[in-house]
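Observations on chain architecture
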Amino acid sequence: MAVKLLGIWQSPFVLRVKLALSLKGVEYEYIEDDILNKSSMLLQYNPVYKKVPVLVHNGKPMAESLVILEYIDEIWKNHPLLPEDPFEKARSRFWAKFVDDKFVPMIIRMLRITSDQKDNAAKETREILKTLEGSLDPNKPFPEDKSLSFMDIAIVWVGYYTQMLEKMLDVKLLDDENTPLLNTWFRVVLNLQVIKECLPPFDKLLTHYTNFHERHTTAS
Amino acid sequence: MGTSSSEIKLLGTAASPFVNRVQFVLSLKSIEYEYIDENLACKSELLLKSNPVYQKVPVLIHENKPPLPESLIIIEYLDEIYPDVHPILPSDPLIRADNRFWANYIDTKVFPLYEELRKTPEKEGKEAIKKQIMEVSQLLEEAFLKFSDGKPYFGGDKIGYLDVVLGCFLGWTKFVEKHNEFMIFDEVKTPKLLEWTKRIWSHEALKDAIPGSETLMNFYMMLMKYKPPRAA
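In the annotation of an unreviewed UniProt entry, chain B is listed under the name Glutathione S-transferase and assigned to Ambrosia artemisiifolia. Entered under Function (unreviewed entry) in the UniProt record, the comment concerning chain B runs "Is involved in the conjugation of reduced glutathione to a wide number of exogenous and endogenous hydrophobic electrophiles." Its UniProt record gives chain B a comment under Sequence similarities (unreviewed entry), which states: "Belongs to the GST superfamily. Tau family."

By the naming in an unreviewed UniProt entry, chain A is Glutathione S-transferase, taken from Ambrosia artemisiifolia. Recorded under Catalytic activity (unreviewed entry), the UniProt text for chain A is reproduced unchanged: "RX + glutathione = an S-substituted glutathione + a halide anion + H(+)".

Right, let's get into the side chain of A:K18. All names here are of chain A. Within the fold, K18 resides in helix α1 (residues 12-23). As a buried residue without a salt bridge, K18 has its nearest oppositely charged side chain in E32, at a separation of 5.9 Å. Beyond its immediate stretch of four places on either side in the chain, K18 contacts L5, Y28, Y30 and C198.

Attention now goes to the interface of chain B and chain A. Listed as interface residues are 22 residues of chain B and, on the opposing side, 24 residues of chain A. Counting across the chain B and chain A interface gives 7 salt bridges. B:E80 is the salt-bridge partner of A:K89, the closest N and O atoms lying 4.0 Å from each other. For the interface between chain B and chain A, the tally reads 7 residue pairs in polar contact (both at pLDDT 80 or more). Secondary structure elements with two or more residues in the side of chain B that touches chain A: β4 (68-69), α3 (71-81) and α4 (93-119) of chain B. It is α4(B) that contributes the most residues to the side of chain B that touches chain A, 10 residues altogether. By residue class, the composition of the side of chain B that touches chain A is 14 nonpolar, 2 polar and 6 charged.

Once that is clear, we can look at the UniProt feature "domain: GST C-terminal" (unreviewed entry) in chain A. Within the UniProt annotation, "domain: GST C-terminal" (unreviewed entry) is assigned to residues 85-212 of chain A. The distance from the first to the last C-alpha atom of residues 85-212 of chain A is 42 Å, and the span holds 70% helix and 0% strand.

So, about unusual backbone geometry. A cis amide bond, omega 5°, links A:V52 with the succeeding residue A:P53. The topology assignment puts A:P53 in the loop between α2 (40-45) and β3 (54-57). Along the chain, B:V57 connects to B:P58 via a cis peptide bond; the corresponding omega equals 0°. Position of B:P58 among the secondary structure elements: in the loop between α2 (45-50) and β3 (59-62). A positive phi is found at A:H79, a non-glycine position, where the angle reads about 40°. On the basis of relative accessibility, which here comes to 17%, the residue A:H79 falls in the buried class. The backbone of B:Q55 sits at a positive phi, close to 55°, despite the residue not being glycine. One can find B:Q55 in the loop between α2 and β3.

Okay, the packing of aromatic side chains next. One pass over the structure, following the stated rule, counts 26 aromatic pairs over all chains. Arranged with centres 6.0 Å apart and planes meeting at 65°, the rings of B:W172 and B:F219 form a pair that is edge-to-face. Placement of B:W172 in helix α7 (residues 170-180) and of B:F219 in helix α9 (residues 213-226) is noted, with a sequence separation of 47 residues between them. Judged on exposure class, the residue B:W172 and its partner B:F219 are both buried. One aromatic cluster is present, formed by B:F18, B:F111, B:Y114, B:F169, B:W172, B:F175, B:F219 and B:Y220 through successive ring pairs. The cationic tip of A:K18 hangs over the ring face of A:Y30; the distance from NZ or CZ to the ring centre is 4.4 Å. The aromatic ring of A:W9 is capped on one face by A:K204, whose charged end is 4.3 Å from the ring centroid.

The rules behind these values
- Residues numbered from 1 in each chain as written.
- Chains lettered and ligands numbered in written order.
- Predicted model: local features only at pLDDT ≥ 70, side-chain atom pairs only at ≥ 80, totals over all residues.
- Heavy atoms only, no water.
- UniProt positions renumbered as here; feature names shortened; annotations may be inferred.
- Helix = DSSP H or I, 4+ residues; strand = E, 2+ residues; numbered from the N terminus.
- Buried < 20%, exposed > 50% of the residue type's maximum accessible area, 1.4 Å probe, protein only.
- Lys, Arg positive; Asp, Glu negative; His and termini not counted.
- Salt bridge = Lys/Arg side-chain N within 4 Å of Asp/Glu carboxyl O.
- Contact = heavy atoms within 4.5 Å.
- Polar contact = N/O pair within 3.5 Å; in protein donor to acceptor, adjacent residues only side chain to side chain.
- Nonpolar A, V, L, I, M, F, W, Y, C, P; charged D, E, K, R; others polar.
- Phe/Tyr/Trp six-rings, centres within 6.5 Å; stacked < 30°, edge-to-face > 60°.
- Lys NZ or Arg CZ within 6 Å of the ring centre and 35° of its normal.

As structure tokens, this is what we get:
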């Protein structure tokens, strides 16, 4: 097939690419990468980082989820993801990058957090989420399937993975007093058809990361 | 055909390679702008209000639009509002994606490794980081060969995106080399990049924006004071 996506089921970065391809109705072959054995296809296609997602289009590979999203938007012109206005485009890119810069290291930290440190980490996470809420325009209607944008698909996974962390660590992250608009936004967007179809199963995700957490916090 | 200086303001500091990067692009596109110097040890109200999320420079203020931070985002924005003079990004989507990938790589590796080198007190640790830095420049040499395809710049005949994204670090690269007594770009391992650095240093549009060693030393001293090395 002309389009192949190399990924792992639990990766939110792979999810971003799946959503973009899905919204534009692009047919693709999905290849689940075996990260324990780092398949030779991955080493060939992403020798710099050896990470997924990797999109291969007509034999040409590319990596980095946000870079891939921009490429997809430039090749397939239907259902444009980025706004046309240069400033709004820049704004979308800024918030997508913010999530990667701030939220990703926080999740990585949470997945290894010990019980004595988790309340502090939870507090910092709530602050990051509060900042993220600032990206939303309270006067704008919530997105629907047909209006999902670059920024929406770059951010939506944060709500899902945060819910997973709340259950896993028994902490409050999506506090309705702290981030009422963001919480509602997540509830609405995570319930959209095209999003639901691409999300990894919640229980499977919770089990996977609970095991990960146990492995990394038990004394060896 | 310049733009009036009130249209574009740039908040910056001379020693910041990320600010220099934006200055390169403004210069290449012949865009006039008002430069507002920031003292990072004592950030102004304007900076704190303009970039509440990161409180960092550069920040671009265009007309009466909200301020825009993050150098790579600013560069893409400038390329979109002034597309006709010296386009920075290539037009082919695949080459654009490749450019963006390497820009991301450069930003996760180059300056963070220089900072890591500065913060590491012990000799062994420093040697390990120097080794990493040289591995990065090796990869960048390969990338240069691919992108330049025999021409003088990453962008081909003219300065392009990666020339600007990597070129802004040349002042610091020289400083780090001298301070740590090793070569980051050299004739043996990275001959093409070494030639490229000389082209960038002498380019009309760029040379005024590359900070001198005194500016860098002052900034280095400030970093040593406010973000001291780890205890040995």
